[in-house]
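What follows is each chain in one-letter form.
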Amino acid sequence: MNMPLTTLWVVPLLGAAVCALLGARAKIGALIFSMIFFGAASMVAWISHATPGLSVLNEIGPVWAYGISYRLSADSLSLGLILLTAFLNLICVAASWELKVSAGYWACFMALASALTGVFLARDLFFFYVFWEATLIPMFFIIGLWGSSNRMHAAVKFFLFTFSGSVLMLLALLALVSAYHRVTGIWTWDLALLDASTLGAAAPLVFWGLVLGFAVKIPMFPLHTWLPDAHTEAPAAGSVMLAGVMLKMGVYGLLRIALPLFPSLSYDALPILGGLAAFSTIYGALCAMAQTDLKRMIAYSSIAHLGFCLLGVLSRTSQGLTGGTLQLVNHGLTTGALFLLVGFLYERAHKRGLSDFGDLASRAPYLAFFFGFSTLASIGLPGLNGFVGEFMSLSGALSVLPILAFAGVLGVTLAAAYALPAFQAVFWAPAGPDSVSAKVTDLDRRERAVLWVLCGLMLWIGLAPKPWLAWFEPAIRGLVR
Amino acid sequence: MTPAQVPLAAWLLYAAPVTAILFGFFVMRRVKPEWTHLPILVSCMIVTASAFWLAADVYTGHSFDLNLFRWAAAGTFGVDFGLRVDGPGVAVLAMVSFVGSLIHLYAAGYMKGDPGFSRFFLVFHLFFLAMIGLLTANNYVQLYLFWELVGVASYLLVGFWFHKESARKAALKAFMTNRVGDFGLLLAVLLIVLQFKVTHFHLLYLKAASGATFDLLPLIGLCLVWAACAKSAQFPLYFWLPDAMEGPTPTSALMHAATMVTAGVFLLVRSWPLISLVEGLPHLVAWIGGITALGAAIIAGTKKDLKRILAYSTVSHLGLMMLALGLDQVGVALFHLIVHGFFKAALFLCAGNIAHALHQPTANVDDVGGLQKSMRLTYLSFVLAALSLAGVFPFGGFFSKDAILDAAWHHGGPLAALGMLVAAGSAFYIFRMLFLTFYGARPEQKQAPHAHEAEPILGIPVLFLALGAALAGLLKEPIQRFVVIGMRGLPSGLPELNLVLNLPGEPLLPHFNWVVADLGTLMVALGAFAAWRLTMSDPGFDWRWRGGFAESMFESDFGYKIFVDWLVRCVSWIARFTGRVLDKAWWDGLIESTNDIVRGAGAALASSAQGRVNDYLWWMVAGTALLLGKVLR
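1. Comments concerning the overall build of chain A
Here is step 1: Across its full length, chain A carries 20 helices and 2 strands.
Here is step 2: On C-alpha atoms alone, chain A measures out to a radius of gyration of 21 Å, which is about the 23 Å that the 2.2 N^0.38 rule sets for 481 residues.
Here is step 3: Of all 481 residues assigned to chain A, the portion counted as buried reaches 62%.
Here is step 4: Counting contacts in chain A only where the partners sit at least 6 residues apart, residues at least 24 apart contribute 79% of the total.

2. Observations regarding the overall build of chain B
Here is step 1: On a plain count of helices and strands, chain B comes out with 27 helices and 2 strands.
Here is step 2: Principal-axis analysis of the C-alpha atoms places the extent of chain B at approximately 110 × 65 × 60 Å.
Here is step 3: The 633 residues of chain B split such that 57% are buried.
Here is step 4: For chain B, the share of sequence-separated contacts (at least 6 apart) that also reach a separation of at least 24 residues comes to 81%.

3. Remarks on the interface of chain A and chain B
Here is step 1: Of the residues lining the interface, 41 residues belong to chain A; the matching set on chain B comes to 39 residues.
Here is step 2: For the side of chain A that touches chain B, the elements supplying multiple residues, two or more each, are helix 12 (270-289), helix 14 (318-349), helix 17 (385-400), helix 18 (402-428) and helix 20 (466-476) of chain A.
Here is step 3: The greatest single-element share of the side of chain A that touches chain B, amounting to 11 residues, is contributed by helix 18 of chain A.

4. Section: the packing of helix 8 (residues 203-217) of chain A against helix 10 (residues 236-261) of chain A
All names here are of chain A.
Here is step 1: Remark: helix 8 packs on helix 10, axes separated minimally by 6 Å, with the N-to-C direction vectors making an angle of 155°. Considering their axes alone, helix 8 and helix 10 lie roughly antiparallel with respect to each other. Relative to helix 10, the crossing made by helix 8 is left-handed. Contact residues: F207, L210, V211, F214, A215 and K217 in helix 8; L247, M249, G250, G253, L254, I257 and A258 in helix 10.

5. Focus on the confidence of the model for chain B
Caution applies to low-pLDDT parts of the model: their predicted coordinates are not meant to be read in detail.
All names here are of chain B.
Here is step 1: In this model, chain B carries an average pLDDT of 86, and 94% of its residues clear a pLDDT of 70 or more.
Here is step 2: A low-confidence stretch, residues 489-507 stays under pLDDT 50, and its non-local contacts, those more than four residues away or across chains, total 38 contacts.
Here is step 3: Confidence metrics for the complex model read pTM 0.91 and ipTM 0.92.

6. Comments concerning helix 2 (residues 37-59) of chain B
Here is step 1: With 23 residues, helix 2 of chain B should cover 33 Å at 1.5 Å per step; its first-to-last C-alpha distance of 32 Å lies within 8% of that length.
Here is step 2: Looking one or two places after helix 2 of chain B, you find B:G61, whose phi comes out positive at around 95°.

7. A word on the environment of B:R308
Here is step 1: Mapping B:R308 onto the fold places it in helix 13 (residues 306-326).
Here is step 2: For B:R308, the contacting residues outside a window of four places in its chain are B:P242, B:M245 and B:K303.

8. Considerations on the pairing of strand 2 (residues 69-74) of chain A
All names here are of chain A.
Here is step 1: Bridge count between strand 1 (residues 57-63) and strand 2: 5 bridges; the pairing is antiparallel. Bridge assignment links N58 to a residue of strand 2, and that residue is S73.
Here is step 2: Counted between consecutive antiparallel strands, the loop separating strand 1 from strand 2 contains 5 residues, among which Y66 sits at a positive phi close to 55°.

9. So, the packing of helix 5 (residues 140-158) of chain B against helix 6 (residues 165-196) of chain B
Residue and element names in this part refer to chain B.
Here is step 1: One can describe the packing of helix 5 onto helix 6 by two numbers: an axis separation of 9 Å at closest approach and a directional angle of 175°. When the interaxial angle is binned, helix 5 and helix 6 end up roughly antiparallel. Counting all contacts with helix 5, which are made through Y140, V141, Y144, W147, E148, G151, S154, Y155 and V158, the residues of helix 6 involved are A167, A170, A171, A174, F175, N178, D182, L185, L186, V189 and I192.
Here is step 2: Here the residues of the contact of helix 5 with helix 6 sort into 15 nonpolar, 3 polar and 2 charged.

10. A look at helix 16 (residues 376-390) of chain B
All names here are of chain B.
Here is step 1: The terminal C-alpha atoms of helix 16, which comprises 15 residues, lie 21 Å apart, in line with the 21 Å expected from a rise of 1.5 Å per residue.
Here is step 2: In terms of burial, helix 16 is a largely internal element, 11 of the 15 residues being buried.
Here is step 3: Those residues of helix 16 that fall on the buried side of the exposure criterion are T378, Y379, S381, F382, L384, A385, A386, L387, S388, L389 and A390.
Here is step 4: After helix 16 finishes, the residue G391 shows a positive phi value of roughly 85°.

11. Structural notes on the pairing of strand 1 (residues 64-74) of chain B
Residue and element names in this part refer to chain B.
Here is step 1: Here strand 1 pairs with strand 2 (residues 77-85) via 9 bridges, running antiparallel. Within the sheet, the bridge partner assigned to L66 lies in strand 2 and is L83.
Here is step 2: Counting the residues that bridge the hairpin from strand 1 to strand 2 gives 2 residues, and of these G75 lies at a positive phi of roughly 60°.

12. Here we look at the environment of B:N178
All names here are of chain B.
Here is step 1: Counting through the fold element by element, N178 comes out in helix 6.
Here is step 2: Sequence separation of N178 and A227 is 49 residues, and the distance between their C-alpha atoms is 7.9 Å.
Here is step 3: Sequence-distant contacts of N178, that is, excluding residues within four places in its chain, are made with G151, A230 and K231.

13. As for the environment of B:L519
Residues and elements named next belong to chain B.
Here is step 1: Tracing the backbone shows L519 in helix 22 (residues 514-535).
Here is step 2: Judged by the 18 C-beta atoms lying within 10 Å of it, L519 is partly exposed.
Here is step 3: Measuring from C-alpha to C-alpha, the distance between L519 and D402 comes to 9.8 Å, with 117 residues separating the pair along the chain.

14. Quick word on unusual backbone geometry
Here is step 1: Backbone torsion omega between A:F221 and A:P222 reads 5°, so that peptide bond is classified as cis.
Here is step 2: Its location among the elements puts A:P222 in the loop between helix 8 and helix 9 (226-233).
Here is step 3: The omega torsion across B:F393 and B:P394 is 0°, close enough to zero to call that bond cis.
Here is step 4: Note on placement: B:P394 falls in the loop between helix 16 and helix 17 (396-411).
Here is step 5: For A:Y66, which is not glycine, the phi dihedral falls at a positive 55°.

About the criteria used
- Residues numbered from 1 in each chain as written.
- Chains lettered and ligands numbered in written order.
- Predicted model: local features only at pLDDT ≥ 70, side-chain atom pairs only at ≥ 80, totals over all residues.
- Helix = DSSP H or I, 4+ residues; strand = E, 2+ residues; numbered from the N terminus.
- Rg over C-alpha atoms; globule rule 2.2 N^0.38 Å.
- Buried ≥ 20, exposed ≤ 12 C-beta atoms within 10 Å, placed from the backbone.
- Contact = placed C-beta atoms within 7 Å.
- Axes fitted to C-alpha atoms, helices over the stretch in contact; angles between N-to-C directions.
- Parallel < 35°, antiparallel > 145°, perpendicular 65-115°, else oblique.
- Left-handed = near helix turned anticlockwise from the far one by under 90°.
- pLDDT = per-residue confidence, 0-100.
- Expected span 1.5 Å × (residues − 1).
- Pairing = 2+ DSSP bridges.
- Nonpolar A, V, L, I, M, F, W, Y, C, P; charged D, E, K, R; others polar.

Here it is as structure tokens:
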């Protein structure tokens, strides 16, 4: 087969179709297809990594009206994020194995994985936009159908909020394409050809349109308020995909489109964007401190974590960019693990308030161990993955705009102020009279296996980050200022 | 030097504890949890032997500093993982491993039968490993790694008995305060990367000695001092340490003597070539140390809980180390750090033995009295360690404290007076503790029903530590040599550093000064006499004076704790306001209301579209007219 990249997004889509057809046994199809997907992604990544001269894979298809063409490409950034998608997809399938859900659930997850893969592969902006919007549909159903009590409100809010962001992005893309046509007479949506200088005076407008579209997805303060609701109501696996991969689309869009097309504008915007990112780290942490619901707390902590990614990426230094990109993966693993653990708690006790539990360290030691481990990774304990990304992002930010790094370091300090009290309330404090701790049984073998894999990766990245950083370096090298 | 030439002992420093912890976690904890301590005790022995082996190596001039592998890299930015085995490092390492191992042995007896025995030993050893890593790190990022690991391990140990609310609170307080300090260290490390492009101590010393000026150095120095203040419990961040005694007693002993609070002083020792370049910063360190030492000594004299007295005593002694550092006496600070490790570990374990004998988690001066007869071995150990702490000739503490007093004396002014007052204060609180606990009993004290001597596994390690405390004065010369070796740089020798560090050729410790020694001893005698007067000749005094204004002042550390609590409340109020009001009610509320706004606008506009053809025609005419006007103009 000489279309490896097409295979990558078609396999999960095929999986979705098979799941839908299988009916009651859909989860077996989901498992098989997510394994094939992960295997295929690893293989493509390995081939591109091991073969000299193949560090960027390309597939160019036919050109249609208005210059729309089927054009896929994968460098180490794309492949890294696709691997993350495939990995988390597999984790989600394994973690949801015992859920009593219809075939649609599994089909939605496979379709989501397919659309996400497409986003990371597409180099034609038309297809990029199509895949981008396509991710919304399965996620809308995942939240709206299999979420908790207030799911419809959260699903609609999620959809409308991020959709309005995407519309801004679409307008910006249309402006970009038509300006290129006006100046050169050529219709194209090819990212490699398009040139922002054709925009003339409209460039800042288009740049900010793109940035707003991406910022909603990231989500950057003040466009974040859809996230806590969506996370809180989504099923655990939905939260994992949402936090683990969907939020990364925003940063990916910046890295892939906004920064390369508008190098000087993005540099001028650094005080504003970087300021918002640095503020996000503090604001997210403060909001997380005020939460009484575990999932809401983790959702707000995501806002803070993505702030670190942005600080690194926007600094446009090599350590900031590699650190910020690695932080995308780190956040996927750590926050993914935390959401899964809260999901396991919720499956058992149908509660997720901080004060609904207590004494779980004695009753469910594995749960406590994994939760504690992931919490430490999340607050940036050196030796675990979070520290690497945070340290390098902050180091990058410091060399560009020191005040941002100061704020970021304050954000690191504050992270412990929400994570540890929450851990103590759930696992250490004695169980109160209304506590549902008695319903919480410890993790079974399957759940433990999932978490061993996640925590093992956190430790691996934390202890030996060099190969992981080196993986992303070629892709971001061109962005270093 | 290549990794192949690194002595086996250096590898074992890491390999033994890591193996023991992994084996304990994956095998022993499942198979035979009550034996988890066995591999760990073996690891302690290996580490101690290795540490002494390396110390001997360094003593004979074979120190080394080596990058083992590159930990992280991006572009020109890189962080290495390496080993630095030099004078100050191994001097502290030898003490930490020896004292730490004895505390491990003690813990095997003390924690026996606790349901969390296995968990305790694994985290305890992790704590130990983290400190070893901190002492042998060769760059700031690596040091930060182990610095944080020390913090996490201490959090888990202080909160070990998590069913107690006080333990949970103390653990959180300890971790958060340290986190506030880590703000300084992380910032300092980032600034060092920015300013110097490297984080290796060795290369930084070279750069510092080059005589160039570095704009960011004052800020870096300040951040480092801030970090050290948190870890080594100095004013204004000292308040977490006295509460941290909520952990099991071996934890307190390890934390106070070897693995935690000394890290801050060690950080400053490592950074001294940088800090000493900053105008006025050493002076600030000296003042922080002096004020903390005196304040904590005064408060220690008023506390009733045995471990709390010792905790404030630790704060006070760390202050003395800071004072020595601030007066540019790196060697003296290290010397006192090592001697302090011995006597403080011994004292904590004595307090542990007393609590153990009373079958309580902790003991109070109200609980006990007259233990001299029933607990002979503990009494003997306590006396030896207490005399060393008070600085009575010829016990170990005399030499190190005398050197600090001497340095302060030479500096003159208020710091000299401060040093003398601390000497009197230390003697007062430790003799008060000695008299109240071991002599008596007084009518106010509950009679300890059947206080009995501890088992050998609890008694013997304590005796060894106490003997070490008594004899530590003999270490004066070797430590001086270690510091000279370490501070001269590695391995080629950096003569320039002597100038930077203000180190004269050989003698690092001040010459023995009769005036200071006599005056210091006089102060100790005064303190001891005051303690005797108030406890022995007036046995009820300690119970009579309590309850007044003075008590409330001491309880709140002269109001400082109230201030800290207020700060914490402010931060959590800000967080609650941001999260619940600003974000949820106002901002998200506004966004959610767009739904209503749209619906309202729709309803308002609907009134103009009620299906009357006349209206529509008029609108059409108006619109066309407008367009025509625009086009024709």
